[in-house]
Amino acid sequence: MKFLRVAIDVPLPQLFDYRCDEAATEDIGCRVLVPFGRKKVVGVIVEVVARSDHSADKLRSAERILRDVLPLSAEWIELARFCSGYYQRSLGEVMLAALPPRLRNARPLRATKQKSDDDAARPAAPPFVERHRLTAEQLRAIDSISASAQAFGVFLLFGVTGSGKTEVYLRLIAGVLARGAQALVLVPEIALTPALQTAFRERFPGATIVVQHSAMAEGARARGWIEAQSGSAQIVLGTRLAVFAPLPRLGLLVVDEEQDPSFKQQESLRYSARDVAIVRARAAGIPIVLCSATPSLESWRHAQAGRYALLRLSRRARADSALPEVRMVDTRTDASRDGISGPLAQAIGERLARSEQTLIFLNRRGYAPVLSCAKCGWISGCKRCSARLVVHLKDRELRCHHCGDAARIPRACPECGNLDLQPVGRGTQRLEASLAERFPRARILRMDRDTVRHRGSLEAMFARIEAGEADILVGTQILAKGHHFENLTLVGVVDADAGLYAADYRAPERMFAQLEQVSGRAGRAGVPGEVILQTRYPNHPLYQALVRHDFEGYAQILLDERRQAEFPPYVFEAALRAEALGIDVALGFLRAAATRAPSERDGVTVYDPSPMMLERLAGRARAQLIVQAHSRVRLQLFLREWRAELASIRAPAVRWHLDVDPTEF
Ligand code: ADP
Ligand code: ZN
Ligand code: ZN
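What counts and how
- Residues numbered from 1 in each chain as written.
- Chains lettered and ligands numbered in written order.
- Predicted model: local features only at pLDDT ≥ 70, side-chain atom pairs only at ≥ 80, totals over all residues.
- Heavy atoms only, no water.
- Near = heavy atom within 4 Å.
- Polar contact = N/O pair within 3.5 Å; in protein donor to acceptor, adjacent residues only side chain to side chain.
- Areas by Shrake-Rupley, 256 points an atom, 1.4 Å probe, with all protein chains shown as cover.
- Helix = DSSP H or I, 4+ residues; strand = E, 2+ residues; numbered from the N terminus.
- Donors = N, O, S within 2.8 Å, 3.2 Å for Na, K, Ca; no water.
- Tetrahedral: all angles 85-135°; square planar, octahedral: opposite > 155°, others 65-115°.
- Pairing = 2+ DSSP bridges.
- Axes fitted to C-alpha atoms, helices over the stretch in contact; angles between N-to-C directions.
- Contact = heavy atoms within 4.5 Å.
- Buried < 20%, exposed > 50% of the residue type's maximum accessible area, 1.4 Å probe, protein only.
- Phe/Tyr/Trp six-rings, centres within 6.5 Å; stacked < 30°, edge-to-face > 60°.
- Parallel < 35°, antiparallel > 145°, perpendicular 65-115°, else oblique.
- Nonpolar A, V, L, I, M, F, W, Y, C, P; charged D, E, K, R; others polar.
- Expected span 1.5 Å × (residues − 1).
- Core = buried A, V, L, I, M, F, W, Y, C linked by side-chain atoms within 4.5 Å.
- pLDDT = per-residue confidence, 0-100.
- Left-handed = near helix turned anticlockwise from the far one by under 90°.

A. Spatial organisation of the site of ligand 1. Close to ligand 1 lie 15 residues; R133, Q138, G162, K165 and T166 are nearest. Taking T166, its side chain carries an N or O atom lying 2.6 Å from an oxygen atom of ligand 1. Measuring from an oxygen atom of ligand 1, one finds a backbone N or O atom of E167 at 3.1 Å. Protein burial of ligand 1: of its 560 Å² of free accessible surface, 81% is covered by the chains.

B. Examining unusual backbone geometry more closely. Put simply, P568 and P569 share a cis peptide bond, and its omega is 10 degrees. With respect to the secondary-structure elements, P569 resides in the loop between α15 (551-565) and β26 (572-580). Phi is positive for Q88, which is not a glycine, with a value near 60 degrees. Note that Q88 resides in the loop between α1 (74-86) and α2 (91-98). The backbone of S268 shows a phi angle near 35 degrees, a positive value even though the residue is not glycine.

C. Inspection of the coordination of the zinc ion (ligand 3) at higher detail. Donor atoms from the polypeptide that bind the zinc ion (ligand 3) are C382 (SG), C385 (SG), C400 (SG) and C403 (SG), placed at 2.2 to 2.4 Å. Metal-centred angles of 106 to 114 degrees between the four donor atoms at the zinc ion (ligand 3) mark the site as tetrahedral. Positions of the donor residues of the zinc ion (ligand 3), expressed as sequence spacing, correspond to C-x2-C-x14-C-x2-C. On the criterion of sequence distance, the pair formed by C385 in the loop between β17 (370-373) and β18 (390-392) and C403 in the loop between β19 (397-399) and β20 (406-408) is long-range, its members being 18 residues apart.

D. Representation of the coordination of the zinc ion (ligand 2). Distances from the zinc ion (ligand 2) to its protein donors, namely C373 (SG), C376 (SG), C413 (SG) and C416 (SG), fall within the range 2.3 to 2.4 Å. In this structure, the zinc ion (ligand 2) is coordinated by four donor atoms arranged in tetrahedral fashion, with angles at the metal of 104 to 114 degrees. For the zinc ion (ligand 2), the donor residues sit on a single chain with the sequence spacing C-x2-C-x36-C-x2-C.

E. Representation of the sheet that holds strand β11 (residues 287-292). Strand order across the open sheet formed by seven strands is β8-β9-β7-β10-β11-β6-β12, with parallel pairing between neighbours. At either margin of the open sheet sits one strand with a lone partner, and together these are β8 (209-212) and β12 (309-313). Taken pair by pair, the neighbouring strands of this sheet meet at an average axis angle of 20 degrees, ignoring direction. Here strand β7 (residues 182-186) runs beside strand β10 (residues 250-256); their pairing, made up of five bridges, is parallel. From the neighbouring strand, V185 faces β10, where its bridge partner is V254. The strands that helix α5 (residues 165-178) touches are β6 (153-159), β7, β9 (235-238), β10, β11 and β12; relative to β10, the one it contacts most, it runs at about 170 degrees.

F. The arrangement of the side chain of S299 in detail. Relative to the assigned elements, S299 resides in helix α9 (residues 297-304). When its relative accessible area of 1% is taken as the criterion, S299 is described as buried. In this view, S299 contacts L156, E258, R274, L290 and Y308; residues no more than four positions away in its chain are not counted.

G. Quick peek at the packing of aromatic side chains. Applying the stated rule across the entire model yields 18 aromatic pairs. Here the aromatic rings of Y86 and Y87 are separated by 4.9 Å at their centres, their planes lie at 85 degrees, and the arrangement is edge-to-face. In terms of burial, Y86 and Y87 fall into one category: buried. Aromatic side chains F244 and Y271 sit 5.1 Å apart centroid to centroid with 70 degrees between the ring planes, which places their arrangement in the edge-to-face category. Separated by 27 residues along the polypeptide, F244 in the loop between β9 and β10 and Y271 in the loop between β10 and α8 (273-284) bring together distant segments of the chain. Note on F244: relative accessible area 4%, which makes it buried. Taken together, F158, W300, F512, F551 and Y554 form an aromatic cluster joined through their ring pairs.

H. Highlighting the packing of helix α13 (residues 507-519) against α15. Their axes nearest at 11 Å, the elements α13 and α15 cross at an angle of 170 degrees. Judged by the angle between their axes, α13 and α15 are roughly antiparallel. Here P508, E509 and F512 of α13 lie close against α15, whose contacting residues are F551, Y554, L558 and R562. Looking at the contact of α13 with α15, its residues break down into five nonpolar, no polar and two charged.

I. Region of interest: helix α6 (residues 194-203). Burial in α6 covers these residues: P194, L196, F200 and R203. Of the surrounding secondary structure, the elements contacted by the buried residues of α6 are α5, β7, β8, β9 and α12 (457-466).

J. Examining helix α7 (residues 218-230) more closely. Between its terminal C-alpha atoms α7 stretches 18 Å, which fits the 18 Å expected from 13 residues at 1.5 Å a residue. Along α7, the positions that sit buried rather than exposed are R221, A222, G224, W225, I226, A228 and Q229. Taken together, the buried residues of α7 touch α1, α2, β7, β8 and β9. Positive phi appears at G231, one or two residues downstream of α7, with a value of about 90 degrees.

K. Up close: the nonpolar core. Of all hydrophobic cores here, the largest spans 123 residues; its most connected members are M95, F244, L515 and W642. In this structure L515 touches F361, V493, A496, L542, Y543 and L546, once residues within four positions along its chain are discounted. Counting residues in hydrophobic clusters, the runner-up holds 35 residues, among them L170, A181, V185 and V254.

L. Looking closely at the confidence of the model for the chain. When pLDDT is averaged along the chain, the result is 92, and 96% of the positions lie at 70 or above. Ignoring residues within four places in sequence, the model shows residues 114-127, a span with pLDDT below 50, making 18 contacts including any to other chains.

M. The pairing of strand β28 (residues 610-617), seen in detail. Across four bridges, β28 lies against strand β29 (residues 620-629) in antiparallel orientation. Across the sheet, residue S610 finds its bridge partner in β29, namely Q624. Where β28 folds back onto β29 in an antiparallel hairpin, the turn is made up of two residues, including A618, whose phi is positive at roughly 50 degrees.

N. How the structure looks around the packing of α1 against α8. Where α1 meets α8, the axes come as close as 11 Å, and the angle between the chain directions of the two elements is 135 degrees. In terms of orientation, α1 and α8 fall into the oblique class. The hand of the α1/α8 crossing is right-handed. For the pair formed by α1 and α8, the contact residues are L79, F82 and C83 on the first element and V276, V279 and R280 on the second.

See the structure below:
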């Protein structure tokens, strides 16, 4: 008699045994349909064994082994095991979260035409067009990485915007393909980078390039996964979830914009794709390249300590391009009308006269962040969240940007009946309106999540910009990432100050990265760019560093602060979070959890529970408890023991989870 040991998507630590006489060891890594409780579920076969610890007559039989897809490799299972241990989730939870949705059910996949083995083994890249003569710095970077092509190593490719980082990894990938190996490239948001896909297709016309991201149709995503797994795809390009793509001949990993917050998943399996990618590179014994103009403080510190190899690209690659000049306008002395100061208005006017483009950056969509009654002090709040409702004037709605709730804009104050309600503050819609008033002849294009709802609409807008059909772009971070517009020579940052004094200790790090990124949009092709930054705090170290494009100086300031305050990367953290209808219930659970923390906790600090910054979200109250340790290993040991205890706390009204290396509070 034979037994399967199956990983199932439930928060229980063990594997589940089933009888299955038709099983062979080749079935390890196959999906399998098994009865579980009163349901049938798809799990993954982790072992095939001759005996079970349970008596055979008590065990149920597996329904069907799903052999329509190749079994997951031992390496893949090992990676899932690592994530299960590190992120404190069951192996089944990890595996099923990592599989494409289409493979989480038992419906057989209709066979698609597979390329022959022959095809797969052939080095696919024909000699490609070498467009540029590489700069000395690019050459040095490529040489160092190529020199250890067969060994694990983390390379931090630290280069200013436009310094040719993409070019560096495209060349490295060419080398990988020539050896018949596969490359995995992770980017923050694939929906924003159709340009990158095009660049890949142009550069590697003979290669099969697979894209993996969450907005894809299920069938296409599963087909891409299968092509990667069979080895017929040479390149996988995707967002964080692509880190789990099965790649039997993986030769190189690239994480572009490695500091980007989107690499951390904030629900179900809360993993950091960058960190998992590093673990994967180590297991495979291959190099991984982390690219950024503004690396995360974690990576920066590793590079300083010599654990990562630091490769610098200090200048823009194109001889005719220089970093933009950043100028500050002190809005305490240069009063701004409708958010646009005199000097910024003048600079925009000059661009209009020269038919050049301007980008105005404001990371707040909607018309105004809140509606208020000046008579009684009422403000528009969300009933379900501890957040304000944002005024969306065009749709005559108040909307919650956290839970999505919407209501008509009231005609009168719900508290005192006052008819004169005022929108307070400024979002992209309002900015668009005031720019239209000031520059009646300019063609203004607003780009934020409200105007770019649908797939394709972003690409269409990019095309309009490139065709010169817009003079002024108003937008949120959507515009900050990775797009160069040849004719854009001015960037205006109108209202960034709010981010300076945020309670989240990661806020300044993110803000610097974002502003450096958006500044990098200006002046890439022969025309020097200018950035105008409106602020009430021109002496703030963040802005001072931005003016000098001095990431290193600012990183040092932030690292010193973090060391003094004992924040990551100097300590390691985990958050235990609880959600319930009332905050007292959530806090009560966390207090009970704290009393059950392992007593043997050398070097581990358990802090008092507290409500989260956004205390109520979609009607649920949220609290958290932070655990800190000076060693990752100690933290891991602590969490493993603690998690077993947590499962035994009776709290039916509470939903809870652990978040290891949390990035949001
Ligand atoms: P990054 O990824 O650092 O922002 P890219 O690789 O996108 O930079 O390069 C920026 C621009 O410079 C692109 O237009 C690219 O084609 C060009 N470029 C890259 N390397 C070179 C080079 N060695 N010589 C000339 N132009 C280059
Ligand atoms: Zn009122
Ligand atoms: Zn809400």
